[in-house]
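# Examination of the molecular architecture
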Amino acid sequence: MTEAAQTAVPNSLRALNAEFLEQETRIRQGGGAKAVERQHAKNRLTARERIDRLIDPDGFFQELGLWSAHGMYKEHGGAPGAGVVTGIGPVEGRLHMVIANDATVKAGAFFPMTCKKIIRAQQVAMAARLPLIYLVDSAGVFLPMQEDVFPDTDDFGRIFRNNAVISAAGIPQISAIMGFCVAGGGYLPVLCDTLLMTEGSGLYLAGQALVKAAIGQDVSDEELGGARMHAQVSGTIDFREPDDEACLRRLRSLVAKYPPLRPVPDEATRNRLHPARPGEDIYDIFTDKPGEQYDAKDIIACLADARGEPNTEGHTSLAPDFDEYKPEYGQSLVCGYATIGGHAVGIVANQGKLTQRQLPGGKAGPSKSTNMPRVIYDDSADKAARFIMDCNQRKIPLVFLHDTTGFMVGRDSEQGGIIRAGAKMVNAMSNCVVPKIVVIMGGSYGAGNYAMCGRAFDQFLAFGWPGSKCAVMGAASASGTLAMIEEKSRERKGETIDKETHEQILAAVRASYNEQQDIRYGAARGWVDRIIEPHKTREELIAALDATAQGWNYEQPFKTGVLQV
C-alpha cells in the first residue's frame, strides 16, 4: 500500500490540453474588451501589447503565473492573472524577467496573489541573475483587501525589499512608468537602476484628493507627479518619453548597451538537435489510468537530445543520448545524464511501470520482489540521493519528472529504512546549488512531492501538465478519511449518520478534495509557475535551461550536512 492512490482523469490528455488552452485564452483577455478600450482611449497599450513590442520579434515569452488567482476573489469580481503579467523573454538577444501590471484588471491594483506573483518572478530572476524590466501601470493596493496585501513577509513591502537586494547583487533593473504609480507602489520604480516615464503618467505618494484632505493644498496631477515635473524639477526619472511606443524603443536601446552575454548553444547547433521521439508521442505513451503503465524512459526519449542525424521526419530512429545511472538498481526511479537543447542535465523521473528488485540472498539464495509503478522505494531514494550529489559535483541542472503516489509504506519498507533513505534524498535535493526544474506529469503526492523537489524546495521553475494533481494523498484515500472525521464530529453532536447521509458527506468531501488537488488550484495560488502543453515540454525545458545558462552562479559550494546512511 502506498501513501496515495492514482485517480482517473475522465478526459484524455490531448482533450484536457485543448480544454486548458481555451481557458487560458479567456484569462489572457484580462478585464475584458471594454477595459481594453478604456486603456486605448488613454493612448496607452495593454500589458500584453507592451510585452509583444518589447521582446524580440519571434522571441518566445515564457509566461509564468498565468493561472494566478484563478477562481479566487469572486466577491470582488475576480482578478484574471492576478492583474499582472510576468515571464521570461528575450530583449535584444538577452533573456529578461518582465513584470507588467495589467491595468485592465481593477486598474492594475495589487491583490494578495499579485504580490506573491511578483515576488515569485523576482525570486526566479535572482536565482538565474536575469535582468528585470518592470512595466508599471497600477493604482496601488486593492484597499478592500489591504490587510492581506500590506504587512507580511510575502506581501507588498517584500517587492521593494527585493528591488534593493537585487540591485545590490548587481542584477540590472529597468522600470518604465506607463500609467499611474501611486502611494507605496512608487518605491518600486525608484528602487530600480534606470527609470523611464511616459507623458500623461503619474508618480506620487498621494493623489489630488488625498493631498487636499491631508494638508488642504490644491494641486494638479502634473505638479504632483507628472513626467515633466520628475524630469525637470525632482530629477527622479532618467528618461521622459512621449508615449508607450517611444518608451519601449528606448528600453530596447538601453538593453542593447549591456555588456556581452555568457555563451549558450548557438542556433546552428540547436537546429541540429532533435529528440529520439516527437513530442506528440507523449499523448500515446503517458497514462494516469489505474492499472495502466508506461515507461518513463519513453517520455525521456521525447525530451532529451538524440544521437545521430535526424531522418526526413526530423527525428532519429536511434535511442536518446541518455546515460542511465544505476539502471539495474532502484528501478522505481529513473536517473541519468542527458542533454536537452544542447544543455547538459541530470534527470530524475518516477517510473510508471512495474519493475523488479533483486533482494539480498539468505539460506534460500537470492530472491526478487516487484516494485509498483509510481512509488518511491528505499533503494530508489538511495540511488537518487547519490545521483543528485553527483549532478551538483558536475555543476549541471536537475530536471525532476513527477508522477508519484509517494514513498512505499508497510513493514518491509519501514524495516528497509524508507524514512532514512527518503531523508537522504530530501537532504541532497534541498542543498542543491544547481538549478532545479520540475515537470508534474501525473500525480505528485505526499512526501514524494517533497523528495522530487516540491514547491518548498527552491525550484527554479515548476511546470504542470493539464490534468496533473498535487496533494498530500490521492482523493480516494483522503476522501474516506475526511468523511469519517466529519461523521464522527456530527455523531458527537447527536446527529444520526444513515447510509444516505454518509453518501452525501462522502460526495461533498470528494468534490472538495478533487478541486484542491487539481493543478489549476495549485497554479492559482502560485504553487506551479506554468501549465504547459505536454507535447511542448522539451521546448519549455530548453527555454528554462537557456535562462539558467545566462547567469546562474555555479561557484557556490555544495554541502549536505549530516546524511543518514
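Residues numbered from 1 in each chain as written. Predicted model: local features only at pLDDT ≥ 70, side-chain atom pairs only at ≥ 80, totals over all residues. Heavy atoms only, no water.

A separate point is the overall build of the protein. Tallying secondary structure elements over the protein gives 21 helices and 20 strands in all. At 26 Å, the protein has a C-alpha radius of gyration in line with the 24 Å of a compact globule built from 565 residues. Expressed as lengths along the three principal axes of its C-alpha atoms, the size of the protein is roughly 95 × 70 × 50 Å. Going through the 565 residues of the protein one by one, you find that 54% of them count as buried. Within the protein, counting contacts between residues at least 6 apart in sequence, those at least 24 apart form 74% of the total. When the accessible area of the protein is evaluated, it comes to approximately 24700 Å², of which 53% is carbon and sulfur surface. Of the charged side chains in the protein, 61 are positive and 69 negative; the average position of the first set lies 3 Å away from that of the second. (Helix = DSSP H or I, 4+ residues; strand = E, 2+ residues; numbered from the N terminus. Rg over C-alpha atoms; globule rule 2.2 N^0.38 Å. Buried < 20%, exposed > 50% of the residue type's maximum accessible area, 1.4 Å probe, protein only. Contact = heavy atoms within 4.5 Å. Areas by Shrake-Rupley, 256 points an atom, 1.4 Å probe, with all protein chains shown as cover. Lys, Arg positive; Asp, Glu negative; His and termini not counted. Charge placed at Lys NZ, Arg CZ, Asp CG, Glu CD.)

Our next topic: the pairing of strand S4 (residues 132–138). Across the seven residues that make up S4, a large majority, seven, are buried. Judged by which residues are buried, S4 turns out to be covered on both faces: Leu-132, Tyr-134, Val-136 and Ser-138 on one side and Ile-133, Leu-135 and Asp-137 on the other are all buried. When strand S3 (residues 94–101) meets S4, the two strands line up parallel, connected through four bridges. Within the sheet, the bridge partner assigned to Ile-99 lies in S4 and is Tyr-134. Of the crossover connections in this fold, the one passing from S3 over helix H4 (residues 112–128) to the parallel S4 is right-handed. Pairing geometry for S4 and strand S5 (residues 173–182), over six bridges, is parallel. Of the residues in S5, the one forming a bridge with Ile-133 is Ile-174. Note on the crossover from S4 through helix H5 (residues 156–168) to S5: the handedness is right-handed. (Pairing = 2+ DSSP bridges. Right-handed = clockwise from strand over helix to strand, strands pointing away.)

Estimates place the volume of the largest pocket at around 950 Å³. Lining the largest pocket are 37 residues, with Arg-120, Gln-123, Val-124, Asp-458 and Gln-459 sitting closest to its centre. Residues belonging to the lining of the largest pocket are distributed by class as follows: 14 nonpolar, 11 polar and 12 charged. As for the second largest pocket, its lining consists of 21 residues, of which Leu-95, Glu-267, Arg-270, Ile-542 and Asp-546 are closest to the centre. When contributions to the lining of the second largest pocket are tallied by element, the ones reaching two or more residues are strand S2 (84–91), helix H11 (267–271) and helix H21 (537–551). Per element, the largest residue contribution to the lining of the second largest pocket is six residues, and it comes from H21. Broken down by class, the residue content of the lining of the second largest pocket amounts to nine nonpolar, four polar and eight charged. (1 Å grid on protein atoms, 1.4 Å probe; cavity = no way out; pocket = protein on both sides within 12 Å on 5 of 7 lines; lining within 4 Å. Points joined across faces, edges and corners; volume = space filled by probe spheres on them. Nonpolar A, V, L, I, M, F, W, Y, C, P; charged D, E, K, R; others polar.)

Another aspect to go through is the side chain of Asp-390. Tracing the chain through its elements places Asp-390 in helix H14 (residues 378–394). In this structure the side chain of Asp-390 is engaged in a polar contact, spanning 2.4 Å, whose partner is the side chain of Tyr-337. (Polar contact = N/O pair within 3.5 Å; in protein donor to acceptor, adjacent residues only side chain to side chain.)

So, on to the pattern of salt bridges. Applying the stated rule across the entire model yields 37 salt bridges. With a shortest N-O distance of 2.2 Å, Arg-240 and Glu-199 are connected by a salt bridge. With a gap of 41 residues between them, Arg-240 in strand S8 (residues 239–241) and Glu-199 in the loop between strand S6 (194–198) and strand S7 (202–204) connect regions that are remote in the sequence. Several salt bridges share partner residues, and in doing so they unite Glu-24, Arg-28, Arg-48 and Glu-63 into one network. (Salt bridge = Lys/Arg side-chain N within 4 Å of Asp/Glu carboxyl O.)

What follows deals with the packing of aromatic side chains. Evaluation of the coordinates by the stated rule reveals 14 aromatic pairs. Lying over the aromatic face of Tyr-337, Arg-394 brings its terminal NZ or CZ to 4.1 Å of the ring centre. Its end group placed over the ring of Tyr-521, Arg-525 keeps NZ or CZ at 3.5 Å from the ring centre. (Phe/Tyr/Trp six-rings, centres within 6.5 Å; stacked < 30°, edge-to-face > 60°. Lys NZ or Arg CZ within 6 Å of the ring centre and 35° of its normal.)

For the pair H14 and helix H16 (residues 418–430), the least separation of the axes is 8 Å and the interaxial angle reads 20 degrees. Judged by the inter-axis angle, H14 sits roughly parallel to H16. For H14 against H16, the interelement crossing comes out left-handed. Contacts from Asp-378, Ala-381, Asp-382, Ala-384, Ala-385, Ile-388 and Met-389 in H14 reach Ile-418, Ala-421, Gly-422, Lys-424, Met-425, Ala-428 and Met-429 in H16. Looking at the contact of H14 with H16 residue by residue, the class counts come to 10 nonpolar, one polar and three charged. (Axes fitted to C-alpha atoms, helices over the stretch in contact; angles between N-to-C directions. Parallel < 35°, antiparallel > 145°, perpendicular 65-115°, else oblique. Left-handed = near helix turned anticlockwise from the far one by under 90°.)

Before going further, it helps to spend a moment on empty space enclosed by the protein. As enumerated under the stated definition, the model contains four cavities of 30 Å³ or more in all. For the largest cavity, the calculated volume is near 70 Å³. Considering the residues around the largest cavity, the lining is formed by Asn-101, Phe-110, Val-136, Ser-138, Phe-160, Cys-181, Val-182, Gly-185, Leu-188 and Pro-189. Split by residue class, the lining of the largest cavity holds seven nonpolar, three polar and no charged.

Below, the discussion takes up the environment of Ile-282. By the secondary structure assignment, Ile-282 is in helix H12 (residues 282–285). Taking C-alpha positions, Ile-282 is 43 Å from Arg-250, a pair spaced 32 residues apart along the chain. In contact with Ile-282, not counting residues within four places along its chain, are Leu-13, Ile-299, Cys-302, Leu-303, Trp-465, Pro-534, His-535 and Thr-537.

Bringing the confidence of the model for the protein into the picture now. Of the residues in the protein, 94% have a pLDDT of 70 or more, and the chain-wide mean is 91. Contacts from residues 1–10, a stretch scored under 50 in pLDDT, to residues over four places away or in other chains number 44 contacts. (pLDDT = per-residue confidence, 0-100.)

The subject of this paragraph is unusual backbone geometry. Phi is positive for Ala-69, which is not a glycine, with a value near 70 degrees. Following the sequence through the fold, Ala-69 ends up in the loop between strand S1 (62–64) and S2. The buried category is assigned to Ala-69, whose relative accessible area is 3%. One non-glycine residue, Arg-374, adopts positive backbone phi at about 70 degrees.

The next point concerns the environment of Phe-110. Counting through the fold element by element, Phe-110 comes out in the loop between S3 and H4. The buried category is assigned to Phe-110, whose relative accessible area is 5%. Placed 25 residues apart in sequence, Phe-110 and Leu-135 show a C-alpha to C-alpha distance of 14 Å. With sequence-adjacent residues up to four places away left out, Phe-110 is seen in contact with Asn-101, Cys-115, Ile-118, Ser-138, Gly-140, Val-141, Phe-142, Val-149, Phe-156 and Ile-159.

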